[in-house]
Amino acid sequence: MVDVILGLQWGDEGKGKIVDYFAPNYDVIARFQGGPNAGHTLYVNGQKVVLHQIPSGIFHEGKTNLIGNGVVLDPVTLKRECGVVASMGVDYKKSLYISERAHLILPTHRALDKASEIAKGNEKIGSTLKGIGPAYMDKTGRNGLRVGDLLDKSFTSQYIKLRLKHQRLLDNYNFQEDISLWEDEFFEAIEELRSFNIVNGEYFINDKIQQGKKVLAEGAQGSMLDVDFGTFPFVTSSSTISAGVCTGLGIAPQKIKDVFGVSKAYCTRVGSGPFPTELDDDMGELIRKTGSEFGATTGRPRRCGWIDLVALQFACMINGVTQVIMTKTDILDALPELKVCNGYSINGEEKSYVPFQMSKVKIDPIHKSFQGWQTDITKIDNYTDLPQKMKNYIDYINNFLKVPVKYISNGPGRDQIILA
Ligand code: GDP
Ligand code: IMO
Ligand code: MG
């Protein structure tokens, strides 16, 4: 049996915290897509940790953590991160497994990411510059190198061949930076990677399922950044939705039971691209400040706005979300008034769906206002004690989405979560 936790917005919904919270109920925690563009924040014994490559179950003793075939893996980031978790007492060599089919992010992928963004000028995606797009391009272009290739004697010659191909592309971009230091780090890191538990991920996970073990698939990014269904071209390069769990781990769709969709009580986006409910004013600034809305991977300020129920409903539909988990509700505690977007006005016509070219049409959000609860909810630990005004807000969202908000997160801490 497999359950999924994934983001319903543009990423950073708080997936890391939620996976860490639910991990004790599962045997295996598996990342199925994305790479070090992800930044998943957890608080472990009060200490903040940001995970980019390692699944967020790593701090729970006795759990198996798998980096699936759908992930793109940067050995340098992985090495660094393993150092951090080891310093916190985790014996990761015992609990971390990596699919041999996961594609490697090479130093030249990072260089190509940067060169491509510079070339796009004003139309840049706002990529995290971690090499995600170029690594997935080499996967679908059938050129990439995989973790399993590291164990092959011909790895270095395969690397050199691909390196030359990349150099020609970099020359076309007139990319001048010296990446030899990145390559030194890379070769050091792959030396270590060879000693990890490199497995045939699809047999590994299906065997576990057969034995009755419970699997939690951890999404990265968010549904609105999905390469097919997001705000293309301002998206990432992987399938961030529940369908990605099947291709990213090698499991059949019937094995998936619950899909937990994580959404903030408001909305953020980092990087370029359409964001209909963005608040480019004092209110946006207030939410950014109160919510410490700065990227966990790049430190960039996140764009902030009201919750977008049109986009959220779309995300629930394409993912088959069975329950919504609402995070960062406490960030709205002090507001006298809050709003939800329950429709889009496009060329003066009211629409209730996400249009094809969200980046090409002008969308004016239609808002409904709610009275703020103006109560500190961070210490409340049960639904009954939550303020009625907050319950009104959540009830409206429940009715709109027709998917229940089952959990309400009211702080970054492991236990700050309330069952509705
Ligand atoms: P992820 O990428 O989806 O895992 O999310 P990030 O870690 O990038 O960003 C979420 C941020 O919100 C992190 O700093 C979390 O510690 C924090 N966070 C998560 N849930 C809550 C919550 O309910 N309240 C507050 N105040 N912070 C939260
Ligand atoms: P987590 O897992 C928020 C955004 C980037 C950029 C676009 C493409 O922490 O939620 P990429 O590096 O993938 O080529 O960037 O996607 N992006 C994220 N935004 N959270 C993330 O991950 C993101 N990963 C990528 O800002 O707009
Ligand atoms: Mg994040």
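Since we're looking at a predicted model, the values are computed, not measured.

(A) Fine view of the pattern of salt bridges. Applying the stated criterion to the full structure yields 18 salt bridges. Overlapping salt bridges, with partners in common, bring together D12, K264, E293, R302 and K328 in one network.

(B) Spatial organisation of the state of the cysteines. In total, this model carries zero disulfides according to the counting rule given. The thiol sulfur of C316 is not disulfide-bonded, and the nearest other cysteine sulfur, from C267, lies at 13 Å. For C316, a relative accessible area of 6% puts it in the buried group.

(C) Molecular detail of the site of ligand 2. Not every one of the 20 residues close to ligand 2 is listed here, only the nearest: D12, K15, H40, T128 and T236. Here an oxygen atom of ligand 2 sits 3.4 Å away from a polar atom, N or O, in the side chain of S127.

(D) How the structure looks around the packing of aromatic side chains. Enumeration according to the criterion identifies 14 aromatic pairs in this entry. Residues W373 and Y393 carry aromatic rings whose centres are separated by 5.8 Å and whose planes lie at 55° to one another, so their mutual orientation is tilted. Placement of the pair is W373 in the loop between strand 18 (363–371) and helix 12 (388–401) and Y393 in helix 12, with a sequence separation of 20 residues. Cluster of aromatic residues (ring-pair linked, three or more members): F370, W373, Y393, Y396 and F400. One Lys or Arg, K214, reaches over the ring of Y26 and ends 5.3 Å from the middle of that ring. A cation sits over an aromatic face here: K368 above F370, 5.3 Å from the ring centre.

(E) Local environment of the site of ligand 1. Taken together, 20 residues are adjacent to ligand 1, and K15, G39, T41, D330 and S409 come closest. Within the backbone of E13, an N or O atom sits 3.1 Å from an oxygen atom of ligand 1. S409 has a polar side-chain atom sitting 2.5 Å from an oxygen atom of ligand 1. Relative to its unbound accessible area of 580 Å², ligand 1 is 93% covered by the protein chains. Among the secondary structure elements, those contributing two or more residues to the shell around ligand 1 are helix 1 (15–22) and strand 3 (40–44). Its residues assigned to classes, the shell around ligand 1 shows four nonpolar, nine polar and seven charged. When residues of the shell around ligand 1 are assigned to domains, at least three fall in each of domain 1 (2–102 + 197–260) and domain 3 (264–419).

(F) View of the coordination of the magnesium ion (ligand 3). The coordination sphere of the magnesium ion (ligand 3), as far as protein atoms go, consists of D12 (OD) and G39 (O), spread over 2.0 to 2.2 Å. Pair noted here: D12 is in the loop between strand 1 (2–7) and helix 1 and G39 is in the loop between strand 2 (28–31) and strand 3, with a separation of 27 residues, a long-range link. A relative accessible area of 11% places G39 in the buried class.

(G) Just the packing of helix 6 (residues 155–172) against helix 7 (residues 180–193), in detail. Across the interface, helix 6 lies against helix 7 with an axial gap of 14 Å and an inter-helix angle of 150°. By the criterion of interaxial angle, the relationship of helix 6 to helix 7 is roughly antiparallel. You can see that helix 6 and helix 7 cross each other, and the crossing is right-handed. Listed contacts from helix 7 to F155, Y159 and R163 of helix 6 are E183, F186, F187 and I190. Partitioned by chemical class, the residues of the contact of helix 6 with helix 7 number five nonpolar, no polar and two charged.

Criteria and cut-off values
Residues numbered from 1 in each chain as written. Chains lettered and ligands numbered in written order. Predicted model: local features only at pLDDT ≥ 70, side-chain atom pairs only at ≥ 80, totals over all residues. Heavy atoms only, no water. Salt bridge = Lys/Arg side-chain N within 4 Å of Asp/Glu carboxyl O. Disulfide = S-S within 2.5 Å. Buried < 20%, exposed > 50% of the residue type's maximum accessible area, 1.4 Å probe, protein only. Near = heavy atom within 4 Å. Polar contact = N/O pair within 3.5 Å; in protein donor to acceptor, adjacent residues only side chain to side chain. Phe/Tyr/Trp six-rings, centres within 6.5 Å; stacked < 30°, edge-to-face > 60°. Helix = DSSP H or I, 4+ residues; strand = E, 2+ residues; numbered from the N terminus. Lys NZ or Arg CZ within 6 Å of the ring centre and 35° of its normal. Areas by Shrake-Rupley, 256 points an atom, 1.4 Å probe, with all protein chains shown as cover. Nonpolar A, V, L, I, M, F, W, Y, C, P; charged D, E, K, R; others polar. Domains from an automatic or database assignment. Donors = N, O, S within 2.8 Å, 3.2 Å for Na, K, Ca; no water. Axes fitted to C-alpha atoms, helices over the stretch in contact; angles between N-to-C directions. Parallel < 35°, antiparallel > 145°, perpendicular 65-115°, else oblique. Left-handed = near helix turned anticlockwise from the far one by under 90°. Contact = heavy atoms within 4.5 Å.

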